[in-house]
Amino acid sequence: MDFASDYGAAVREHLRLIEEHNATTLDEVAGRFLGVVRADRLVHTAATGHGLAAVLESFYRAGGLACVLPVFHPGLLPLQNAQASTQLERVPGLAATLTAQARVQPGDVAVIFSNSGINAVPVELARELKERGAYVVAVVSKPHMDNAPARSFAKLGDVADAVLDTEIPSGDAVFPSSSGITAGLSTLCFIHLWNLLLVRLTTQAEAAGVTVPLWQSSNLPGGDAANQGHLDHYRAQVPTL
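Every value quoted in this text rests on a predicted model; they were computed, and no experiment measured them. (Residues numbered from 1 in each chain as written. Predicted model: local features only at pLDDT ≥ 70, side-chain atom pairs only at ≥ 80, totals over all residues. Heavy atoms only, no water.)

Asks: Outline the packing of aromatic side chains, listing residues and values.
Replies: One pass over the structure, following the stated rule, counts seven aromatic pairs. With centroids separated by 6.1 Å and ring planes inclined at 85 degrees, the aromatic side chains of Y7 and F175 adopt a geometry described as edge-to-face. Placement of Y7 in helix 1 (residues 7-21) and of F175 in strand 6 (residues 173-177) is noted, with a sequence separation of 168 residues between them. An aromatic cluster is present here, built from F33, F113, F190 and W194 joined pairwise through their rings. In this arrangement the basic side chain of R32 is found over the ring face of Y135, its NZ or CZ atom lying 3.9 Å from the centre. (Phe/Tyr/Trp six-rings, centres within 6.5 Å; stacked < 30°, edge-to-face > 60°. Helix = DSSP H or I, 4+ residues; strand = E, 2+ residues; numbered from the N terminus. Lys NZ or Arg CZ within 6 Å of the ring centre and 35° of its normal.)

So this is what it looks like as structure tokens:
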């Protein structure tokens, strides 16, 4: 895809294509989400580095799914210390501690966002979450993952139960210029695929007569009152609430 000739049009076409190419998996994962809602279980979302933007999007957000537990370590956030966050996502063993804190149960679903899919923390998270009974979904750039050497015992796509492919070229940035390549695409694709899951979930739920627990904006009249019920229900399972 030629991002250089018309960047905006190319991005819009890329989002259309990844929806089309991932349609079957999106339907399957949305069905898993529906099972979580029916069983009063949780969706765990995880990432490192800038992938945490997608985790933030998934958690306690207007229009978002209330039964979400974010799995992360503050040191993985670039705002804490940028270079240190890059090193930390490569450290073996951290994922086991994070997973233990998440209290994963059989029937839960885990969504792990990772552009490269090669670093120790996301790969080990996938393994740890699966071992505890979660259905694990990787949201990853398969072109990057396939072309980069693994930094762990496997790559994320090898461990996950399902893979949503952002189809982003290796390196994330896509717009070439005389100064170098700019305009990273992973955050936009991550959030687009997450929202597609929510739309499919609510569509499937409506057909099944199931009510999906969704946050409302706290900046609209009645929002705080509507959200209080979700806070009361999920706070014991989701300590970050």
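Asks: Provide a residue-level description of the pairing of strand 6, including the pertinent values.
Replies: Direction of pairing for strand 6 relative to strand 7 (residues 180-184): antiparallel, over a ladder of four bridges. When the bridges of strand 7 are listed, A173 appears paired with G184. (Pairing = 2+ DSSP bridges.)

Asks: Quick one: what's the story with the layout of surface pockets, residue by residue and with numbers?
Replies: A volume near 430 Å³ is recorded for the largest pocket. What lines the largest pocket is a set of 22 residues, and nearest its centre among them are T48, G49, H50, E89 and N119. Sorting the residues of the lining of the largest pocket by element identifies helix 4 (82-88), strand 3 (109-114) and helix 9 (186-208) as the ones contributing at least two each. Residues of the lining of the largest pocket, tallied by class, amount to five nonpolar, 13 polar and four charged. As for the second largest pocket, its lining consists of L69, P70, V71, F72, P74, L98, Q101, A102, P239 and T240. Listing elements by their share of the lining of the second largest pocket, those giving two or more residues are strand 2 (68-71) and helix 5 (94-102). Residue composition of the lining of the second largest pocket, by class: eight nonpolar, two polar and no charged. (1 Å grid on protein atoms, 1.4 Å probe; cavity = no way out; pocket = protein on both sides within 12 Å on 5 of 7 lines; lining within 4 Å. Points joined across faces, edges and corners; volume = space filled by probe spheres on them. Nonpolar A, V, L, I, M, F, W, Y, C, P; charged D, E, K, R; others polar.)

Asks: Got a sec to walk through the nonpolar core? Specific residues and values, please.
Replies: Within the largest apolar cluster, 73 residues are counted, with the highest numbers of intra-cluster contacts made by F33, V43, L65, V111, F113, L125 and W194. Tallying contributions element by element places helix 9 first for this core, with nine residues. (Core = buried A, V, L, I, M, F, W, Y, C linked by side-chain atoms within 4.5 Å. Buried < 20%, exposed > 50% of the residue type's maximum accessible area, 1.4 Å probe, protein only.)

Asks: Give me the lowdown on the side chain of N115, citing residues and values where you can.
Replies: Turning to its location among the elements, N115 is positioned in the loop between strand 3 and helix 6 (120-131). Classification of N115 by relative accessible area gives buried; the value is 14%. Residues within four places of N115 in sequence aside, it is in contact with V140, S141, H144, I168, D172, S186 and F190. (Contact = heavy atoms within 4.5 Å.)

Asks: How would you sum up the packing of helix 1 against helix 9? Please name residues and give values.
Replies: Two elements in contact, helix 1 and helix 9, have axes separated by 11 Å at closest approach and are oriented at 45 degrees. As far as their axial angle goes, helix 9 and helix 1 are oblique. The way helix 1 lies across helix 9 gives a crossing that is right-handed. The segment helix 1 lies against helix 9, with V11, H14, L15, I18 and E19 engaging L188, C189, H192, L193, L196 and R200. (Axes fitted to C-alpha atoms, helices over the stretch in contact; angles between N-to-C directions. Parallel < 35°, antiparallel > 145°, perpendicular 65-115°, else oblique. Left-handed = near helix turned anticlockwise from the far one by under 90°.)

Asks: Please set out the sheet that holds strand 1 (residues 43-47) residue by residue, giving values where relevant.
Replies: The parallel open sheet is built from five strands, whose spatial order is 2-1-3-4-5. Unpaired on one side and paired on the other, strand 2 and strand 5 (162-165) mark the two borders of the sheet. On average, adjacent strands in this sheet sit at an angle of 20 degrees to one another, irrespective of strand direction. In terms of strand pairing, strand 1 meets strand 2 through four bridges, oriented parallel.

Asks: Kindly report on the pairing of strand 3, identifying the contributing residues and their values.
Replies: Where burial is concerned, most of strand 3 is hidden: six out of the six residues are buried. Note that strand 1 and strand 3 share five bridges and pair parallel. Residue pairing in the sheet places T45 in a bridge with V111 of strand 3. As paired strands, strand 3 and strand 4 (residues 135-140) are joined by six bridges and run parallel to one another. Within strand 4, the position partnered with F113 by the bridge is V139. Traced from strand 3 through helix 6 to strand 4, the parallel crossover comes out right-handed. (Right-handed = clockwise from strand over helix to strand, strands pointing away.)

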